Amino acid sequence: MPTLLDAFELKDLKLKNRIVMPPMCQYSVTNKDGKPNDWHFTHYTSRAIGGVGLIIMEMTDVEPDGRISDFDLGLWSDEQIPAFEKVIKGCQAYGAKVGIQIAHAGRKAEDAPKPVSSTNQRFSDAYKEPHQLSTDEVKEIVKKFEDSFTRAIKAGVDTIEIHAAHGYLIHQFQSPLTNKRDDQYGQDLSLFGVEIIQAARRVMPESMPLIMRISAVEYAENGYDLDYSIDLAQRYIEAGVDMFHVSSGGESESGPSHSGPGYQLDFAKELKAALQVPTIAVGRLEDPKLCDEAIREKKADLVAVGRGMLRNPYWANEASLALGGKPLTPRPLAAGYSI
Ligand SMILES: Cc1cc2nc3c(=O)[nH]c(=O)nc-3n(C[C@H](O)[C@H](O)[C@H](O)COP(=O)(O)O)c2cc1C
């Protein structure tokens, strides 16, 4: 029976434990250049030193106007690659594996003069009215995803996560609430996501696993349910996804009725059981015992801890100690555990 502290292997991705740092925007890019800077280096390497098995770097966008804000990361130019490589190598040096979340914010791009989307409906009154992408423009965005995947691989990632959750562009295409198009992308709501997955698979080594983050349910009235997202996930598996990172919502300002410990865990469990696919659970999983149980009871294969790791970069190390395991920090810190 696997535990939180056991190793995990998927294709060539070998993790020393099952603890994940999920993507979390830092809104800390300087000069709007999309490049990680000293803040990002310190932020990510601290969590690597803290013992995390897998770090998934924050939402990194495929074009400047695909960012939530001008202070988000981007991989729209080869010139950005070295700055990512520095952070990735810095984390790998401490035994963490590193993924990156590749994304487009679509109509939720707040600083874009004219955001783009599957629709011309705005997200809310506080947001700009988006331009509804033409069929040819959709294909151009797929190509931009492909180029960003190539750059991520050049920067040395161990895995890639596609962001199809939280109401961003791929989610906008896959949701009946925001995709009423009459072209091929409206006849098949999974097509945009499928083409992006196929683009990833074209440029990724076959041995590198592809993760997709999805919103398992929507909270708006008439939003999609878990059965719908299981069908979507099946299409995405057929296109080349190896593991799902299971979140929820973001398509509207509505949220879950409760967001206490493990509030999204059952979605990961149901998706895993229905499709026999590895999952990462996320959402208020800050109690190491709850995380360990989730793994032991096979509700998920990996567990991600977001806000808990913002508060405490050594969350993984402390979880290990709390569960009776060894310190996960590197040798120079060993004296901290001597009597
Ligand atoms: C500051 C912050 C930034 C976030 N940025 C992202 C992001 O870039 N991509 C994403 O998919 N989710 C993002 N999230 C959501 C987290 O990855 C995670 O799913 C959420 O915080 C729930 O997990 P938690 O309860 O462990 O924090 C962000 C969350 C926070 C708090």
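Here is a short report on the structure shown in this document. Owing to the predicted nature of the structure, the values given are computational and were not obtained by experimental measurement.

A few points about the pattern of salt bridges
Applying the stated criterion across every chain yields a total of 20 salt bridges. Notably, a salt bridge pairs Lys143 with Asp147, separated by 2.6 Å at the nearest N-O pair. Highlighted residues: Lys143 and Asp147, both in helix H3 (residues 135–154), separated by four residues, approximately one helical turn. Across the pair Glu146 and Arg202 runs a salt bridge whose closest N-O atoms are separated by 2.8 Å. With a gap of 56 residues between them, Glu146 in helix H3 and Arg202 in helix H6 (residues 191–203) connect regions that are remote in the sequence. Residue classification places Glu146 among the buried residues on the basis of a relative accessible area of 14%. Each member of the salt-bridge network shares a partner with another, and the members are Lys11, Arg201, Glu206 and Asp242.

Notes on the packing of helix H1 (residues 38–49) against helix H2 (residues 81–92)
For the pair H1 and H2, interaxial distance at closest approach is 8 Å and the crossing angle is 20°. If you check the angle between H1 and H2, you find them roughly parallel. The two elements H1 and H2 cross, and the hand of that crossing is right-handed. In contact with Asp38, His40, Phe41, Tyr44, Thr45 and Ala48 of H1, H2 contributes Lys86, Val87, Gly90 and Cys91. Looking at the contact of H1 with H2 residue by residue, the classes come out as five nonpolar, three polar and two charged.

Concerning the nonpolar core
If you look at the biggest cluster of nonpolar residues, it comprises 80 residues, and the most contacted ones within it are Phe192, Tyr236 and Phe244. It is H6 that provides the largest number of residues to this core, a total of seven residues. The contacts of Phe244, once residues within four sequence positions are left out, are Met212, Ile214, Ala233, Tyr236, Ile237, Leu271, Val277, Pro278, Thr279 and Ile280.

A short note on the state of the cysteines
Linking two cysteines covalently through their sulfur atoms gives a disulfide. Per the stated rule, a full pass over the model turns up zero disulfides. The thiol of Cys25 is not disulfide-bonded; the next cysteine sulfur, from Cys91, is found 17 Å away.

Details of the pairing of strand S4 (residues 54–61)
S4 sits mainly inside the fold: eight of its eight residues count as buried. Summarising the sheet, strand S3 (residues 19–21) and S4 pair through two bridges and their orientation is parallel. Each residue of the ladder has a partner; that of Val20, found in S4, is Leu54. Pairing geometry for S4 and strand S6 (residues 97–103), over six bridges, is parallel. Within the sheet, the bridge partner assigned to Thr60 lies in S6 and is Ile102. Where S4 meets strand S5 (residues 73–74), two bridges bridge the pair, whose relative direction is parallel. Bridged to Asp61 within S5 is Gly74.

Remarks on the site of the ligand
Close to the ligand lie 15 residues; Gln101, Arg213, Arg284, Gly306 and Arg307 are nearest. Within the side chain of Arg213, one N or O atom sits 2.7 Å away from an oxygen atom of the ligand. The fraction of the free accessible surface of the ligand (610 Å²) that becomes covered by protein chains is 83%.

The rules behind each value
Counting restarts for each chain: residues are numbered from 1 in the order of the written sequence. Predicted model: local features are reported for residues with pLDDT of at least 70 only, side-chain atom pairs are reported and counted for 80 or more only, and whole-chain, interface and lining totals are derived from all residues. Computation of side-chain values: all heavy atoms of the structure, hydrogens and water removed. Whenever Lys or Arg places a side-chain nitrogen within 4 Å of a carboxyl oxygen from Asp or Glu, that contact is recorded as a salt bridge. Only DSSP runs of H or I covering at least 4 residues are called helices, and only runs of E covering at least 2 are called strands; the numbering of each starts at the N terminus. Only protein chains enter the area calculation, which uses a 1.4 Å probe; residues under 20% of their type maximum are buried, those over 50% are exposed, and those in between are partly exposed. Whenever a helix is involved, its axis is fitted only over the stretch in contact; in every case the axis is a line through C-alpha atoms, and angles between N-to-C directions fall within 0 to 180 degrees. These descriptions rest on fixed angle ranges, namely under 35 degrees for roughly parallel, over 145 for roughly antiparallel, 65 to 115 for roughly perpendicular, and the rest for oblique. Handedness of each helix crossing follows the sense of rotation of the near helix against the far helix: counterclockwise by less than a right angle gives left-handed, clockwise gives right-handed. When checking whether two residues touch, look at their non-hydrogen atoms; a contact exists if any pair is within 4.5 Å. Here the nonpolar group is Ala, Val, Leu, Ile, Met, Phe, Trp, Tyr, Cys and Pro; Asp, Glu, Lys and Arg are the charged ones; every other residue, Gly included, is treated as polar. Here, the term nonpolar core denotes a set of buried Ala, Val, Leu, Ile, Met, Phe, Trp, Tyr and Cys residues that are joined through side-chain atoms within 4.5 Å. Only a pair of cysteine sulfur atoms within 2.5 Å counts as a disulfide in this structure description. A pair of strands is considered paired only if DSSP assigns at least 2 bridges between the two. Residues are classed as near a molecule or strand on a simple rule: at least one heavy atom within 4 Å of it. Nitrogen and oxygen atoms within 3.5 Å of one another constitute a polar contact, given that in protein one can donate a hydrogen and the other can accept it, and given that sequence-neighbouring residues count only through two side-chain atoms. Only the protein chains shown count as cover for residues, with accessible areas throughout obtained via the Shrake-Rupley method and a probe of 1.4 Å.

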